[in-house]
Structure formats: C-alpha cells, structure tokens
Amino acid sequence: MGLGTRLRRIGAVAAAIGMVVGLGTQAHASEREPTGPPQPNILTALAYSAARPTVMPPHTNDWGCEPSPEHPNPVLLSNGTLVNSYADWAGLSGKLADAGYCVFSANLGGAEGSPVQTVAPVAETATELAEFGDRVLAATGAEQLDVVGHSQGGMNPRYWIKNLGGEAKIDRLIGLSPSNYGTDLFGLLTLVQQVPPLRDLVGAGFPAFNDQEEHSDFLAELNAGGDTVPGVEYTVIQTKYDEVVTPYRNAFLEPAPNVENILLQDVCPADKTDHLGITYDPIAAQLVLNALDPADAAPPRCRFVPPVVS
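The structure displayed is predicted, hence computed values, not measured ones.

**Some points on a nonpolar patch on the surface**
On the surface, L185, L188, L191, V195, L198 and L201 cluster together to form a nonpolar patch covering roughly 520 Å² of accessible area. For the nonpolar patch, the elements supplying multiple residues, two or more each, are α8 (188-193) and α9 (196-205). The topology assignment puts L188 in helix α8. For L188, a relative accessible area of 51% puts it in the exposed group.

**Notes on the packing of aromatic side chains**
Tallied over the full model, the rule gives five aromatic pairs. Pairing W63 with F132 gives two aromatic rings, centres 5.7 Å apart and planes at 75 degrees, and the pair type is edge-to-face. Remark: F132 occurs in helix α5 (residues 122-140) and W63 occurs in the loop between α2 (42-50) and β1 (75-78); sequence separation between them is 69 residues. Its relative accessible area of 7% is what places W63 among the buried residues. Take F132: its relative accessible area is 9%, and that puts it in the buried class.

**Describing helix α13 (residues 282-292)**
Of all 11 residues that make up α13, nine are buried, and the element is covered over most of its length. Taken residue by residue, α13 has P282, I283, A284, A285, L287, V288, N290, A291 and L292 as its buried positions. Put simply, D281 is the residue that caps the front of α13, since its side-chain oxygen is 3.0 Å from the backbone nitrogen of I283.

**Things to note about the sheet that holds strand β2 (residues 103-105)**
Two strands in a sheet stick together by hydrogen bonds in their backbones, pointing the same way (parallel) or opposite ways (antiparallel). Spatially, the six strands line up as an open sheet ordered β2-β1-β3-β4-β5-β6, and their pairing is parallel. Single-partner strands in this sheet number two, and they are β2 and β6 (259-263). Averaged over all neighbouring strand pairs, the angle between strand axes comes to 15 degrees, with direction disregarded. Bridge count between β1 and β2: three bridges; the pairing is parallel. Bridge pairing links L77 to S105 in β2. Sheet contacts for α13: β1, β3 (145-150), β4 (170-176), β5 (233-238) and β6; angle to β4, the most-contacted strand, approximately 165 degrees.

Reading guide: rules and limits
Here the residue index of a chain counts from 1 through its sequence in written order. It should be noted that, the model being predicted, local features are given only for residues of pLDDT at least 70 and side-chain atom pairs only at 80 or more, the latter also being counted only at that level, while totals for whole chains, interfaces and linings use all residues. Working from all heavy atoms in the structure, the side-chain values ignore hydrogens and water. Patches were defined on residues exceeding 30% relative accessible area and lacking a salt bridge, with like-charge contacts within 9 Å and nonpolar side-chain contacts (Val, Leu, Ile, Met, Phe, Trp, Tyr) within 5 Å. The accessible surface values rely on the Shrake-Rupley method and a 1.4 Å probe; as for residues, cover is taken only from the protein chains in view. Salt bridge, as used here, is a side-chain nitrogen of Lys or Arg placed within 4 Å of a carboxyl oxygen of Asp or Glu. The helix and strand labels rest on DSSP assignments: H or I over at least four residues marks a helix, E over at least two residues marks a strand, and numbering proceeds from the N terminus. Residue burial is assigned from relative accessible area. The probe radius is 1.4 Å, only protein chains are included, and a residue is buried under 20% of its type maximum, exposed over 50%, and partly exposed in between. Only the six-membered ring of Trp is used, alongside the rings of Phe and Tyr, when aromatic pairs are assigned; centres must lie within 6.5 Å, and planes under 30 degrees apart are stacked while those over 60 apart are edge-to-face, with the rest tilted. Between N or O atoms, a polar contact is any pair within 3.5 Å; within protein, one atom must be a potential hydrogen donor and the other a potential acceptor, and residues adjacent in sequence are included only when both atoms are from side chains. Between any two strands, at least two bridges found by DSSP are needed for them to pair. Only the stretch in contact is used when fitting a helix axis, every axis being a line fitted to C-alpha atoms; angles between N-to-C directions are given from 0 to 180 degrees. Residue contacts are counted whenever heavy atoms from the two residues lie within 4.5 Å of one another.

Shown next as structure tokens:
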C-alpha cells in the first residue's frame, strides 16, 4: 500500500471519528430527561409522579436551550421537603417556558429513583443544588441564574448564597412559602425537638425536618448576621393559609432594599391557596413572572383559588 493511499485512509478514519464525536457532542447538548405532562394541581402531580418518580416537569432540562436577550438568566426550580421535582413544578414550569425562559430542575436530597426527595440535611441538599446550578450555567453560557423555590426549596438556596459562592451566581431568589425562619408546625415539630428519642427518630429518616424547626442550630447559623446579601434580589410570596410553615410570617425575610415580601391575600383576598397548593396558584404564578421580569410586570387577575387543588 502506497504512502498516499495510507494517508487518505487515515484522513477518512479521522473524519469519521470527528463526525462521531460531533454527533455525540450534539446529542449531549440536546440531552433531556423524560418529562411529564402539565398538571392542574399538586394532587394529580403527586399521583402521576408516584409511579414515575424520575420524570421531570414539562419543558425542563433542555440542555441545548439558549437564553434569549430578553431573559438571559435560566430559571432553576428548587422543590420542597418530601416532594419530587415533578410534583412541585408540573404547573409552573410550562408557564415559565412559555414566557421564554430556559427552565431547569432536579431531584435532590433524596434517594435516587425515590418519589420522596429533599429530605437530607438542608446543607447537603443546598450543596447538590449548587452543583446542579453550575451545570446549568455551564450548559447555557449564562453569567447568572434565577432560582424559584418552594418551602425548603425557597430557603436552602440561601445556604448556597451564603456559604457556597452563590451570591455571584444567583441574580434573583423567589420563594413560594419558603421556610426562611423555619416552622413549629403548630407546635408539633417544636415539641418533637424537646424529646430526644423522637427528635433522633425524625432525624434518622428526615434530617431536613429537624433542620427546619424554627429554633434549629441550622437556621440560627443561616440567619446570623442578616438573612440576605447585597446584590441578590429576594422575593417572598406567602399565603396566610400556610399549614406547613407556621406561623406563616416565618416565611418572610427581614425588610431590606433588595427584599420584597408579598402576602397573597393582600394582592387578592379571594385567594385561599395553602402551602401545598401555592406552586399551582395562578395568582402566585403571575407574581413569580413579575419578580423575574419587573419591567414587564402585570397585575394578577384576582379570583377565588381553593386550597390544595388551586
């Protein structure tokens, strides 16, 4: 075989390898976990995800999504204690995508493949969230992202901000009924903390519960020296009918120029949504869109919203 023939064959092999690598890169860029259909409320979403615990909310995790000039920050959804990503966000994720955002979410703080998520120590879940956020920034090329979180998911990004360099990566943090100052769960969780065997039993399976008791060491450390940092815009959207974060005002952050605390019933007295239903509440959804893009904010249309089924 002559030298010229050998060189041509080597070139052909190299081109084929390049094509395979290119296709592999393209496939990875467009990789997307299986997503489920939109849901009207938390109950239907829980039922759907119980049999499909790894399914992601609709229109999320398109790793080839390019943020638009109008919405340069991808949106990272952070779910609450016990629930998986799909159960929490199968309503709002589609609305965010329809508004032009690149939307991402993950199951964190729970056993892989389990429908029960976000139960690990809060610091561990926040660390996983930070690592996932770095993936989102790398994939999209964005300089910063916005986080929309529910319950613990609206509080634990503050650990990322305070301890894991998140103040440079998070532009806006929007919490729906976040457990910023924890909960006494109508006194029950506080009582559990006073009985060491019960406290340890809860902590063995659900460390996040003990971390979110309003007098926990975790929350004392998180809120020490001020609960916000300059440069991040914070919005809290809370309902007075919250049955998980109690008293409900524990969701609110200390007043500051970069903090907006919103009580849903001040916006619309007919809104009766609770802690479980708030991520599916259409009024709360409009407030989230307004917080993400204040320049194009629109007043929510006030109407009756029932608890749980929103």
